[in-house]
Amino acid sequence: MNIAVVGLSHKTAPVEVREKLSIPEPQTESAIAHLISYPHIDEVSILSTCNRLEIYIVSSETHQGVQEVTQFLSEHSKIPVTALRQHLFTLLHSDAVMHVMRVAAGLDSLVLGEGQILAQVKNTHKLGQQYSGIKTILNRLFKQAITAGKRVRTETSIGTGAVSISSAAVELAQIKVENLAPYRVAILGAGKMSRLLVQHLISKGATQITIVNRSLPRAEELAKLFPEQPIQIHLMSEMMNVVANSDLVFTSTSATEPILDRAKLEQVLAPTHSLMLFDISVPRNVDADVNDLPNVQAFNVDDLKAVVAQNYESRRKMAQEAERLLDEEVEAFDVWWRSLETVSTISSLRNKIETIREQELEKALSRLGSEFAERHQEVIEALTRGIVNKILHDPMVQLRAQQDVEARQRCMQTLQMLFNLDAGGQFS
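Since the structure is predicted, the reported quantities are computational estimates derived from the model, not experimental observations. (Residues numbered from 1 in each chain as written. Predicted model: local features only at pLDDT ≥ 70, side-chain atom pairs only at ≥ 80, totals over all residues. Heavy atoms only, no water.)

**Side note on the overall build of the protein**
We apply this condition: What counts as a helix is a DSSP run of H or I of at least four residues, what counts as a strand is a run of E of at least two, and both are numbered from the N terminus. The globule rule used here is 2.2 Å times the number of residues to the 0.38 power, and the radius of gyration it is set against is calculated over C-alpha atoms. For every residue, the accessible area obtained with a 1.4 Å probe (protein chains only) is divided by the maximum for its type, and the residue is called buried under 20%, exposed over 50%, and partly exposed between those limits. Two residues qualify as a contact provided that any one of their heavy atoms is within 4.5 Å of a heavy atom in the partner residue. Per-residue and other accessible areas were derived by the Shrake-Rupley procedure at a 1.4 Å probe size, with only the shown protein chains allowed to occlude residues. For the purpose of charge, His is not counted, nor are the chain termini; Lys and Arg are scored as positive and Asp and Glu as negative. In this description, the location of a charge corresponds to atom NZ of lysine, CZ of arginine, CG of aspartate or CD of glutamate.
Along its length, the protein carries 16 helices and ten strands. Taken over C-alpha atoms, the radius of gyration comes to 28 Å for the protein, far larger than the 22 Å a tight globule of 428 residues would show. Taken over the C-alpha atoms alone, the protein extends approximately 100 × 50 × 40 Å along its principal axes. Per-residue burial over the protein gives 51% buried out of 428 residues. Long-range pairs, those at least 24 residues apart, make up 72% of the contacts in the protein between residues at least 6 apart in sequence. By element, 51% of the accessible surface of the protein is carried by carbon and sulfur atoms, the whole surface being about 20700 Å². One finds the centroid of the 43 positive side-chain charges in the protein at a distance of 3 Å from the centroid of its 51 negative side-chain charges.

What follows is the structure, encoded as structure tokens:
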């Protein structure tokens with residue numbers, strides 16, 4: 001078995017390609033079921049965010065497994081494989097392991113050290129388990145990656161003051177207009193990204209904020225988090241009226257198609273009205289054709305790179321410190337991975353000893369008589385199990401701990417010979 005990851009990110013593909021490959025959470029179950037049905041994919045998990053789509057697999061035939069993932073992505077996005085390949089990256093085993101560690105730690109993010117990605121990796125792990133894509137190997141890998149992400153944030157300063165996609169969007173807006181106070185600001189959506197938008201807008205001096213959302217209670221819940229700032233709330237049915245009366249609009253909804261385009265804006269905007277749109281959603285909420293309007297400017301997540309670059313250099317040394325911690329986490333996973341080949345030998349040894357224990361226990365109980373056996377069977381059963389467990393404990397621990405490949409092989413061969421186990425780990 002080997003681990004592989006096939007994907008694309010803000011480093012390899014523009015937003016117009018990323019949005020076609022995005023897999024919204026409601027589609028995760030069917031996507032996992034489709035992927036796991038391929039003959040060469042044994043385990044699978046899907047990490048889909050605004051800046052990346054990555055599919056992790058475990059496969060005994062890695063080349064075929066990677067081909068199956070690529071075919072799935074082509075069918076899902078309706079982009080021919082030949083055109084899609086230029087945007088995809090493929091990482092195998094040790095490189096894939098290090099990659100997911102770096103992703104969880106925020107070292108591969110558009111915003112270096114951003115915290116939201118760790119929650120997204122946790123959610124990927126949860127959904128993979130929920131929809132039966134993740135089994136033993138990916139379960140261990142994602143647990144190790146989550147541990148790595150937590151360590152980096154706890155033991156380094158890379159997460160301190162780290163900008164998020166939301167804060168970068170607010171910084172970009174501030175660059176464009178300088179003082180946010182006189183501007184009417186609308187936020188479409190009321191999720192976590194929108195909460196961060198409100199937080200950063202208030203910190204930068206915005207005083208006129210409106211939230212537009214499909215669900216009124218969720219928008220009200222968001223507004224209550226900021227009691228110091230009066231926030232207006234509207235439903236999506238009023239969206240175009242709100243947009244027409246705003247100067248800056250931030251979009252962060254889960255819509256899979258643009259909710260704002262040139263035709264809609266033309267109907268509501270006054271000819272001289274200037275409007276800036278900051279779209280931090282993938283798939284995009286704002287169609288590119290809005291830029292054809294004379295007084296409208298639209299920015300998407302790819303336009304945030306200049307803002308992010310300003311913060312990168314100061315965080316580069318912290319990233320180097322984080323990389324050293326990740327090396328330790330990768331090594332911990334490798335130790336576990338190498339120990340997997342001992343599982344069959346350990347399992348068959350335990351099975352053989354357990355068979356002997358059960359046979360000898362049955363003989364002893366029959367000699368003791370039915371009355372004594374019934375009264376004391378549980379005690380005798382516990383006694384014999386305890387003895388077996390204690391005898392097997394040290395050999396099993398030592399076998400798993402052997403990091404040298406040749407030493408581990410010698411230990412397994414010795415056990416197989418001494419206890420008459422066959423090479424496949426089954427006793428004879």
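**As for the UniProt feature "active site" (unreviewed entry) in the protein**
How we decide: UniProt positions are given in the numbering used here, feature names are shortened, and annotations may be inferred rather than shown by experiment.
Sequence positions flagged by UniProt for "active site" (unreviewed entry) are, in local numbering, C50. Mapped onto the elements, C50 comes out in the loop between β2 (43–49) and β3 (52–59). Its relative accessible area of 15% is what places C50 among the buried residues. Each residue touching C50, except ones within four places of it in the same chain, is listed here: R18, I165, I280 and V282.

**A short note on a nonpolar patch on the surface**
Our working rule: To count toward a patch, a residue needs a relative accessible area above 30% and no salt bridge. Like charges then connect within 9 Å, nonpolar side chains (Val, Leu, Ile, Met, Phe, Trp, Tyr) within 5 Å. Any Lys or Arg side-chain nitrogen located within 4 Å of an Asp or Glu carboxyl oxygen qualifies as a salt bridge.
A grouping of L383, I387 and I391 is seen on the molecular surface, where their side chains present a nonpolar patch of about 300 Å² in accessible area. By the element assignment, I387 lies in helix α15 (residues 370–401).

**What about the sheet that holds strand β5 (residues 184–188)?**
To keep it simple, the criterion reads: The criterion for strand pairing is that DSSP finds at least two bridges linking the strands in question. Helix axes are fitted only over the stretch in contact, all axes being lines through C-alpha atoms; the angle between N-to-C directions runs from 0 to 180 degrees.
Read from one edge of the open sheet, six strands run β7-β6-β5-β8-β9-β10, paired in parallel fashion. The open sheet has two edge strands, β7 (231–235) and β10 (296–299), and neither has a second partner. For this sheet, the mean angle separating the axes of adjacent strands, direction not counted, is 20°. In terms of strand pairing, β5 meets strand β8 (residues 248–251) through four bridges, oriented parallel. Bridge assignment links A186 to a residue of β8, and that residue is V249. Strands β8, β9 (275–279) and β10 of the sheet are contacted by helix α8 (residues 165–177), whose axis makes an angle of about 160° with β9. Those strands touched by helix α9 (residues 192–203) are β5, β6 (208–213), β7 and β8, and its axis lies near 165° from that of β5.

**What about the nonpolar core?**
In plain terms, the rule: Residues grouped as a nonpolar core are buried Ala, Val, Leu, Ile, Met, Phe, Trp, Tyr and Cys residues, joined through side-chain atoms within 4.5 Å.
In terms of nonpolar packing, the biggest core is built from 39 residues, with I165, L180, L201, L248, F250, F278 and I280 touching the most fellow members. Mapped onto this core, the elements with two or more residues apiece are α8, β5, α9, β6, α10 (216–224), β8, β9 and α13 (305–339). Considering each element in turn, this core owes the most residues, seven residues, to α8. Look past the residues within four positions of F250 in its chain and what remains in contact with it is A169, V170, A173, V185, A186, I187, L188, L197, L201 and F278.

**Here we look at empty space enclosed by the protein**
What counts, and what does not: Think of a 1 Å grid over just the protein atoms. A cavity is a set of points where a 1.4 Å probe fits yet cannot get out, a pocket is an open set with protein on both sides within 12 Å along at least five of seven lines, and lining residues have an atom within 4 Å of a point. Grid points are joined across faces, edges and corners, and a volume is the space filled by probe spheres set on the points. Each residue gets one of three labels, nonpolar for Ala, Val, Leu, Ile, Met, Phe, Trp, Tyr, Cys and Pro, charged for Asp, Glu, Lys and Arg, and polar for the others, Gly among them.
In this structure the tally under the stated criterion is two cavities of 30 Å³ or more. The calculated volume of the largest cavity comes to roughly 100 Å³. Looking at the largest cavity, it is lined by 13 residues, and the ones nearest its centre are T49, C50, N51, E114 and Q120. The element that contributes the greatest number of residues to the lining of the largest cavity is helix α6 (residues 116–130), accounting for three residues. Split by residue class, the lining of the largest cavity holds six nonpolar, five polar and two charged. In this structure, the second largest cavity encloses a volume near 40 Å³.

**Overview of the pattern of salt bridges**
Under the defined criterion, the tally for this structure stands at 19 salt bridges. One salt bridge in this structure joins E19 and R284, with 2.7 Å as the shortest N-O distance. One end of the pair, E19, is in helix α1 (residues 15–21); the other, R284, is in the loop between β9 and β10, and 265 residues separate them in sequence. Assessed through its relative accessible area of 18%, E19 is described here as buried. R284 gets classed as buried once you look at its relative accessible area, which sits at 15%. With a closest N to O distance of 3.3 Å, K363 and E360 form a salt bridge. On the criterion of helical spacing, the pair formed by K363 and E360 is a turn pair, its members being three residues apart in helix α14 (residues 343–368). Judged by its relative accessible area of 42%, K363 falls in the partly exposed class. Salt bridges sharing common partners tie together K11, R52, E54, R102, D108 and E323.

**Considerations on the sheet that holds strand β4 (residues 89–92)**
Across the sheet, which stays open at both edges, the four strands sit in the order β2-β3-β1-β4 with antiparallel pairing between neighbours. A strand with exactly one partner marks an edge of an open sheet, and here the two such strands are β2 and β4. The sheet shows a mean angle of 15° between the axes of neighbouring strands, taken without regard to direction. Across four bridges, strand β1 (residues 2–9) lies against β4 in antiparallel orientation. Counted as the bridge partner of V5 is L91 from β4. Running over the sheet, helix α5 (residues 94–105) touches β1, β2, β3 and β4 and is turned about 140° from β3. In this fold helix α7 (residues 136–155) packs onto β1, β2 and β3, with an angle of close to 35° to the strand it touches most, β2.

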